[in-house]
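Residues per chain, in single letters:
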Amino acid sequence: MTRSPTIAVDSSKAGLIVAAHGRRGILQTADGNRLPYLVRGRKLRVCCGDRVAYNITDSGDPALITAIEPRQNELQRLATHGVAAESVAANLSHLLVVLAPLPVPDFYLTDRYLCAARLMDARSALVWNKSDLAAGPADRLAVYEQLDYPVLAVSAATGEGVSGLRDWIGTGTAVLVGQSGVGKSSLMNALVPHVEVATAELSTSSQEGRHTTTAAVLHPLPDGGKLLDTPGVRDFVPAIPEQRMISRGFVEIDEFGRQCRFNDCSHLRETDCAVQDAVAGGDIDPGRYESYRRLMNLIRQADRGY
Ligand code: GDP
Ligand code: ZN
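All values derive from a computational prediction rather than experimental measurement.

### Re the packing of helix α1 (residues 107-119) against helix α2 (residues 138-146)
Link 1 in the chain: Taken N-terminus to C-terminus, the directions of α1 and α2 make an angle of 15°; their axes are 13 Å apart at the nearest point. With respect to α2, the element α1 is oriented roughly parallel. Like other packed secondary-structure pairs, α1 and α2 cross with a definite hand, here right-handed. For the pair formed by α1 and α2, the contact residues are Phe-107, Thr-110, Asp-111 and Leu-114 on the first element and Arg-140, Leu-141 and Tyr-144 on the second.
Link 2 in the chain: Along the lines of polarity and charge, the residues of the contact of α1 with α2 split into four nonpolar, one polar and two charged.

Here you go:
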């Protein structure tokens, strides 16, 4: 076999990981081309959304990743049945929680997504999909609007509101989350035409073996934004790392909590707790507080290994 001559040794360049599986995947170069890459050694672990430096040593060979830029955040998939939480993507800026008339909205799950997003420093919005079938529950959605979460009514079926979704994402890097059946795949298709094909192409070309699935792929949006797809597992819950961080994920509990008597107040049963007072006084929505309580109990149990 003839090998092409070695070229441009040590031409370190910047790229964005758009598909990742194990040590291989696809990166996007600064001028928009896509290259297969390889990570050597065990020290570097890249995931989708990582900004990296790479070298091309031999034309025709995959690009070699030499460094990963520090991540602004990581989207972690929830640990299940003894499987540790795993990083699905890095550097996400926008999280869209999709709701619909059916399946019946689960606002506890919604609050859990919003909490994870705030802990990641990602902006989030509620997307009321299937608005062609029914309008959203105005009282419930108003609670979120008052907390400055945009509520975007859309229909993947008619296309209504889809351009507003694109506008909101802008040049950011976004992920759609929500219960199974709310229309995430349909919205993904409305935002990225033929998304299934594009995802399949990206994941196949990034695979080392035939029986592996790619953890995530990033699709370009027409306005310069990007949309994350997680093939095979579009229904997932982002992990919340530690119980003591949960209050920071609830914007209003974070704010009222600064006036509590104890610095490390859990806002569950302490005296002189500004959060419990705000719930009693109607300044914090009881449903949101209940989500906080449930999440605190859940993560505490998880900490104990239940
Ligand atoms: P996912 O599980 O969240 O990915 O949901 P899907 O995209 O698979 O959609 C679930 C079902 O809802 C499918 O039967 C879709 O055709 C339907 N659906 C999705 N979006 C809309 C919409 O905007 N309006 C209506 N009427 N149906 C929708
Ligand atoms: Zn408190």
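Still more to cover.
### Some words on the coordination of the zinc ion (ligand 2)
Link 1 in the chain: Donor atoms from the polypeptide that bind the zinc ion (ligand 2) are Cys-260 (SG), Cys-265 (SG), His-267 (ND1) and Cys-273 (SG), placed at 2.1 to 2.4 Å.
Link 2 in the chain: Viewed at the metal, the four donor atoms of the zinc ion (ligand 2) are separated by angles of 100 to 117°, and the geometry they form is tetrahedral.
Link 3 in the chain: Taken in sequence order, the residues that donate to the zinc ion (ligand 2) follow the motif C-x4-C-x1-H-x5-C. No difference in accessibility class separates Cys-260 from Cys-265, as the two residues are buried.

### Remarks on the packing of helix α3 (residues 162-169) against helix α4 (residues 184-191)
Link 1 in the chain: Relative orientation of the contacting elements α3 and α4 amounts to 80°, with a least axis distance of 10 Å. Between α3 and α4, the interaxial angle falls into the category roughly perpendicular. Side by side, α3 and α4 meet where Val-162, Leu-165 and Arg-166 of the first sit next to Leu-187, Ala-190 and Leu-191 of the second.
Link 2 in the chain: Here the residues of the contact of α3 with α4 sort into five nonpolar, no polar and one charged.

### A word on the nonpolar core
Link 1 in the chain: Ranked by size, the top nonpolar core spans 36 residues in total, and within it Leu-75 and Leu-228 carry the most contacts.
Link 2 in the chain: Listing elements by their share of this core, those giving two or more residues are β1 (13-21), β7 (86-90), β8 (94-99), α1, β9 (123-128), α2, β11 (173-177) and β12 (216-220).
Link 3 in the chain: In terms of residues, this core owes the most to one element, α1, which gives five residues.

### Some points on the pairing of strand β5 (residues 63-68)
Link 1 in the chain: Where strand β3 (residues 34-38) lies against β5, two bridges are found, and the strand directions are parallel. Residue pairing across strands places Leu-38 opposite Leu-64, the latter belonging to β5.

### Notes on the environment of Asp-272
Link 1 in the chain: Positionally, Asp-272 belongs in the loop between α6 (251-257) and α7 (274-280).
Link 2 in the chain: On the basis of relative accessibility, which here comes to 47%, the residue Asp-272 falls in the partly exposed class.
Link 3 in the chain: Separated by 13 residues in sequence, Asp-272 and Gln-259 have C-alpha atoms that sit 8.8 Å apart.
Link 4 in the chain: Filtering out sequence-adjacent residues up to four positions away, Asp-272 remains in contact with Cys-260 and Arg-261.

### Here's the deal with the site of ligand 1
Link 1 in the chain: Neighbouring residues of ligand 1: 15 residues in total, closest Asp-132, Gly-181, Lys-184, Ser-185 and Ser-186.
Link 2 in the chain: At 3.1 Å, a side-chain N or O of Asn-129 approaches a nitrogen atom of ligand 1.
Link 3 in the chain: Contact with the protein chains covers 67% of the free accessible surface of ligand 1, which is 580 Å².
Link 4 in the chain: In the shell around ligand 1, the residues fall into four nonpolar, eight polar and three charged.

Calculation notes
- Residues numbered from 1 in each chain as written.
- Chains lettered and ligands numbered in written order.
- Predicted model: local features only at pLDDT ≥ 70, side-chain atom pairs only at ≥ 80, totals over all residues.
- Heavy atoms only, no water.
- Axes fitted to C-alpha atoms, helices over the stretch in contact; angles between N-to-C directions.
- Helix = DSSP H or I, 4+ residues; strand = E, 2+ residues; numbered from the N terminus.
- Parallel < 35°, antiparallel > 145°, perpendicular 65-115°, else oblique.
- Left-handed = near helix turned anticlockwise from the far one by under 90°.
- Contact = heavy atoms within 4.5 Å.
- Nonpolar A, V, L, I, M, F, W, Y, C, P; charged D, E, K, R; others polar.
- Donors = N, O, S within 2.8 Å, 3.2 Å for Na, K, Ca; no water.
- Tetrahedral: all angles 85-135°; square planar, octahedral: opposite > 155°, others 65-115°.
- Buried < 20%, exposed > 50% of the residue type's maximum accessible area, 1.4 Å probe, protein only.
- Core = buried A, V, L, I, M, F, W, Y, C linked by side-chain atoms within 4.5 Å.
- Pairing = 2+ DSSP bridges.
- Near = heavy atom within 4 Å.
- Polar contact = N/O pair within 3.5 Å; in protein donor to acceptor, adjacent residues only side chain to side chain.
- Areas by Shrake-Rupley, 256 points an atom, 1.4 Å probe, with all protein chains shown as cover.

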